[in-house]
Amino acid sequence: MNRMTTLLMGASMLLASAAFGAKDPDWAQRLGAAHGAAYLEAREALLELDVAERARLAREALEMGADRFEAAGLLLGALAWPELGASCRSRVYDLRGLDAERARFRRRQGPEAASHLRSAVRSGCAALVLELALRPELYELEVSRSLAPEQRDALDRGLVIALGGAQGAPVLGYLASRADDPSLAPMLRRRALEALGRVGGALVTVRLRAVADDPRGLPQLRAGALVGLGLGGDAAARPSLSVALRHKDPTIASAALVGLSALAAAQNPQASDGLRRQVSAELVARLAEVDEAMSPAVVDALAYVAHPSALEDLRRLRVESLAPRFDVAERRLLRAGQRAGGVMAGGPEVPATSPKRPEAAPR
């Protein structure tokens, strides 16, 4: 055997040994580094793996912390395509809310994608919605359509709002990254803070209170944190909400009103009867203080909380000069008492209604 043959055989053995010991590709890293068409190619390659390997990668993604939200979210989104692609693609990518022509005939002008994407999340397509949020250029690639700047803004807003109805560390990490990004518009960051509270609950209370209590913070961000605190349902949020309820900035005060009503609502399983009673008493006291323009929002909040003690508090604090608004509040409370199939103490049985939570965030 000549020297050249020996060298070739040795090289072949080394290459074979290297290939045998080569580590599997880091799919999370590969997907995270890819954008646009390159991401689609990486996703297709991933889906060629066998079922057992894809299941292992899915478990790995679910174990990643919120700090690795992009890698985890992309991995879960890519792995979801074999099972969810056919049923979810049209729900996620057929965003009629971005149709400028349709927007002309709606009450709210301007493109809006939130309702369509929320429906996709409720239908089990959250993994693909998060994938789109992390790689928004996929919308144009999937539907071969370019978006105008206002439509791209609407898509970003819709993704943040919709993912407020999802769960998991990747979603939490994504929303936190949007809330913390100073390059984004304050309104989008506000939406992210609201959604962060809904998804994170007690896990993000300290974080949201820091934003809500910051006297140097932007009012929009403080308002988003206040609504998020209420949606999170953690009783530890109440001090920030109670203080902000009397803030001189109406943006902050109205957001605190929304947050308090959500925190003390009967629908919040974490709200104790004592907490609900205390918040209800705060709202009655606030009704006696606010100007005429804000009193309907306070009445909405009282009706949403609908604690039986509110009727007694209304009658105790009633003064003749405020009789009309107190009468409205009492009627609303009597109706709201039927939500749980009971009757408010001291009032007749009346038809059931479904009071809405007061709105603070612009649509």
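Above: the structure in question.
Description of the structure in this document. (Residues numbered from 1 in each chain as written. Predicted model: local features only at pLDDT ≥ 70, side-chain atom pairs only at ≥ 80, totals over all residues. Heavy atoms only, no water.)

Within the protein, the secondary structure is distributed over 20 helices and zero strands. Burial analysis of the protein (363 residues in total) assigns 47% to the buried set. Across the protein, every contact between residues at least 6 apart in sequence was considered, and the portion connecting residues at least 24 apart equals 65%. By element, 55% of the accessible surface of the protein is carried by carbon and sulfur atoms, the whole surface being about 18,100 Å². (Helix = DSSP H or I, 4+ residues; strand = E, 2+ residues; numbered from the N terminus. Buried < 20%, exposed > 50% of the residue type's maximum accessible area, 1.4 Å probe, protein only. Contact = heavy atoms within 4.5 Å. Areas by Shrake-Rupley, 256 points an atom, 1.4 Å probe, with all protein chains shown as cover.)

Another aspect to go through is the packing of aromatic side chains. Here the structure, examined in full by the defined rule, presents one aromatic pair. With 6.4 Å between their ring centres and 20° between their planes, Tyr93 and Tyr139 make a pair best called stacked. Taken together, the residues Tyr93 in helix 5 (residues 69-93) and Tyr139 in helix 9 (residues 138-143) connect sequence positions 46 residues apart. Owing to a relative accessible area of 2%, Tyr93 belongs among the buried residues under this scheme. Taking relative accessible area as the criterion, Tyr139 reaches 1% and is therefore assigned buried. Just above the ring of Trp81 sits the side chain of Arg43; from NZ or CZ to the centre is 4.1 Å. (Phe/Tyr/Trp six-rings, centres within 6.5 Å; stacked < 30°, edge-to-face > 60°. Lys NZ or Arg CZ within 6 Å of the ring centre and 35° of its normal.)

Unusually for a residue other than glycine, Ser144 sits at a positive phi of about 50°. Looking at the secondary structure, you find Ser144 in the loop between helix 9 and helix 10 (149-163). For Ser144, a relative accessible area of 68% puts it in the exposed group. Phi angles above zero are rare outside glycine, and Ala306 is one such case at about 50°.

Quick look at helix 7 (residues 114-122) now. Every buried residue belonging to helix 7 is among Ala114, His116, Leu117, Ala120 and Val121, and all of these are buried. The arc that holds the buried residues of helix 7, viewed along the axis, is 165°, so those residues lie on one side. The secondary structure elements touched by the buried residues of helix 7 are helix 5, helix 8 (126-134) and helix 10. Note on helix 7: the residue one or two positions beyond its end, Gly124, has a positive phi of about 90°. (Arc of directions from axis to C-beta.)

Here the focus is the packing of helix 3 (residues 36-46) against helix 5. At a closest axis distance of 9 Å, the pairing of helix 3 and helix 5 adopts a crossing angle of 60°. When the interaxial angle is binned, helix 3 and helix 5 end up oblique. Helix-helix and strand crossings are classified by hand; for helix 3 and helix 5 the assignment is right-handed. Every residue of helix 5 that contacts helix 3 at Tyr39, Arg43 and Leu46 is listed here: Leu74, Leu75, Ala78, Leu79 and Trp81. When its residues are assigned to classes, the contact of helix 3 with helix 5 shows seven nonpolar, no polar and one charged. (Axes fitted to C-alpha atoms, helices over the stretch in contact; angles between N-to-C directions. Parallel < 35°, antiparallel > 145°, perpendicular 65-115°, else oblique. Left-handed = near helix turned anticlockwise from the far one by under 90°. Nonpolar A, V, L, I, M, F, W, Y, C, P; charged D, E, K, R; others polar.)

Take the state of the cysteines next. As enumerated under the stated definition, the model contains one disulfide in all. Between Cys88 and Cys125 runs a disulfide, and the two sulfur atoms are separated by 2.1 Å. Judged by the sign of its S-S torsion, about -85°, the cystine formed by Cys88 and Cys125 is left-handed. In this pair, Cys88 is assigned in helix 5 and Cys125 in the loop between helix 7 and helix 8, connecting sequence segments 37 residues apart. (Disulfide = S-S within 2.5 Å.)

With that settled, consider the pattern of salt bridges. Under the definition given, this model contains 20 salt bridges. A salt bridge links Glu289 to Arg246, with the nearest nitrogen and oxygen atoms 3.1 Å apart. Of this pair, Glu289 sits in the loop between helix 17 (273-287) and helix 18 (295-305) while Arg246 sits in the loop between helix 15 (238-244) and helix 16 (250-263); the two residues are 43 residues apart in sequence, bridging distant segments of the chain. Relative accessible area serves as the criterion here: at 44%, Glu289 is assigned to the partly exposed category. Among the ionic pairs, Arg316 bridges to Asp313, the shortest N-O distance being 2.9 Å. Taken together, the residues span about one helical turn, with Arg316 and Asp313 both in helix 19 (residues 309-317) at a distance of three residues. One network of salt bridges, with partners in common, ties together Arg43, Arg89, Glu131 and Glu142. (Salt bridge = Lys/Arg side-chain N within 4 Å of Asp/Glu carboxyl O.)

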